[in-house]
Amino acid sequence: MIVRFLAALALAASIAVPAQAAPDRRLVLVTLDGLHWTEVFRGADPERAADPAAVPFDEREAIRTAFIVPANKARALMPFLNDVVARQGVLLGDRDHGGCAAVGNAMWFSYPGYNEILTGKPDPAIVSNAHGLNRNVTFLEWLNRRPGFAGRVETVASWRVHRDILDVPKSGLSVNAGWEDAPARTPTEATIARLQAGSARIWPEVRLDTFTHAYALELLKRQKPKVLYVAYGETDDFAHDGRYDQVLWAAQRADRFLGELWAALQADPAYAGKTTLIVTTDHGRGTNGKDGWRHHGKPFAESNQVWIGAIGPDIAPGRQPGTCASSSQIAATALTALGVDWRAFDPAAGPPLAIQKP
Ligand SMILES: [Zn+2]
């Protein structure tokens, strides 16, 4: 009788009190294309900054003053990552101090890297940036089909190819990428579109990050997505161009953009205290020879080495996972931060990084 009574009580309790409701969580994922971990953790490379082949003569003094003279070169280049993310959250991949992060794919360039970040595992069939539409389902597409997230997942990217990686025709994701105009739904968006139309187009497929950033900030304000992916691009393209001065300015700007995104999130009740920011890169850069830094890919040593940062309500400050962090773990880490079961997305995806609060 008592057993039956208890069973009835338990049944009643399970009906009256359903599984504890997941807390309201938001996510902002940011990628900085091809920014090597050495710049993030060591700051500017003094030898390269003084190399006439990498920094034009008329820029050398400004670069020296901004990035080489300061006592803490990492903080001079990327203060938000080093002061805020590394202390209030985690910043993984500092190999000078026992850290480690790497891509799991064997290609070490962009499309395979973004595919790995967004799907949770490498796809050996992706061997070119001209791969075309991605047959894989990204966690953004998967979320966008779920109740509570549908229509609330947004992407703004500097690189046009993000449209392919996210397979816009199949996924139905909202993506603004490359030199594409944003729909001018607000006066600010109309202004951004006008400025972008008047800007120099250094690279046909990669717009300047300032426009990507301006759209992202406006999108946060106007649309209040639950998940926002922002992909900056300049750090990679300036390196391919051999312009280390421009790489440094671009990295510093990207760090400022991150700080502005974080400040905007904390100033908005829709996001404050419930948003996780994850920031990473799609690949590293070569370390072989004097010009290795300009390139990446299998022939370029150590360009599989990356870095990963995370900050948010469920991230344990300073926690280092015991093993080398992989880009394959970012999708599950992002879903976990949203309170979503990553195994339901893909049990074969890399598991979440062990950086959550207990
Ligand atoms: Zn590249």
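Residues numbered from 1 in each chain as written. Predicted model: local features only at pLDDT ≥ 70, side-chain atom pairs only at ≥ 80, totals over all residues.

## Quick word on the overall build of the protein chain
The number of helices and strands found in the protein chain is 16 helices and nine strands. In terms of its C-alpha atoms, the protein chain occupies a principal-axis envelope of roughly 90 × 45 × 40 Å. For the protein chain, with 358 residues in total, the buried portion stands at 50%. Once local pairs closer than 6 in sequence are excluded, the contacts in the protein chain between residues at least 24 apart make up 66%. (Helix = DSSP H or I, 4+ residues; strand = E, 2+ residues; numbered from the N terminus. Buried ≥ 20, exposed ≤ 12 C-beta atoms within 10 Å, placed from the backbone. Contact = placed C-beta atoms within 7 Å.)

## Concerning the sheet that holds strand β7 (residues 275-280)
As summarised here, the arrangement of the seven strands in space is β2-β8-β7-β1-β6-β4-β5, forming an open sheet in which the pairing is mixed. Pairing within the sheet leaves two strands with one partner each, and these edge strands are β2 (90-92) and β5 (174-177). Between one strand axis and the next, the sheet turns by 10° as a mean value, whatever way the strands run. Where β2 meets strand β8 (residues 308-311), three bridges bridge the pair, whose relative direction is antiparallel. Residue pairing in the sheet places Leu91 in a bridge with Gly309 of β8. Helix α6 (residues 79-88) contacts β2, β7 and β8 of the sheet and is inclined by roughly 65° relative to β8. (Pairing = 2+ DSSP bridges. Axes fitted to C-alpha atoms, helices over the stretch in contact; angles between N-to-C directions.)

## Observations concerning the confidence of the model for the protein chain
Summary statistics for the protein chain give a mean pLDDT of 94 and a share of 94% for residues scoring 70 or more. Low pLDDT (under 50) marks residues 5-18, which in the prediction has zero contacts with non-local residues, meaning those over four places away or in another chain. (pLDDT = per-residue confidence, 0-100.)

## Notes on the nonpolar core
With 105 residues, the main nonpolar core has Ala331 and Ala334 as its most contacted residues. Setting aside chain neighbours within four positions, we find Ala334 in contact with Leu27, Leu29, Phe139 and Ile278. (Core = buried A, V, L, I, M, F, W, Y, C linked by C-beta atoms within 7 Å.)

## Brief notes about the environment of Ala197
Within the secondary structure, Ala197 is located in helix α11 (residues 187-197). As for Ala197 and Arg48, which are separated by 149 residues in sequence, their C-alpha atoms are 34 Å apart.

## Here we look at the pairing of strand β1 (residues 26-32)
With seven of seven residues buried, β1 is to be regarded as a mostly interior element. Of the two faces of β1, both are covered, the one formed by Arg26, Val28, Val30 and Leu32 as well as the one formed by Leu27, Leu29 and Thr31. With six bridges connecting them, β1 and strand β6 (residues 227-232) associate as parallel partners. Bridge pairing in β6 places Val30 opposite Val230.

## Topic: unusual backbone geometry
Not every positive phi belongs to a glycine, and Asp167 is a case in point at roughly 40°. As for its position among the elements, Asp167 is in the loop between α9 (162-165) and α10 (168-171). For Asp167, a count of 19 C-beta atoms within 10 Å corresponds to the partly exposed category. Non-glycine residue Glu302 carries a positive phi angle of around 70°. Tracing the sequence through the fold places Glu302 in the loop between β7 and β8. For Glu302, a count of 18 C-beta atoms within 10 Å gives the class partly exposed.

## Observations regarding the environment of Gly172
With respect to the element layout, Gly172 can be found in the loop between α10 and β5. It is 39 Å that separates the C-alpha atoms of Gly172 and Thr287, two residues lying 115 residues apart in sequence.

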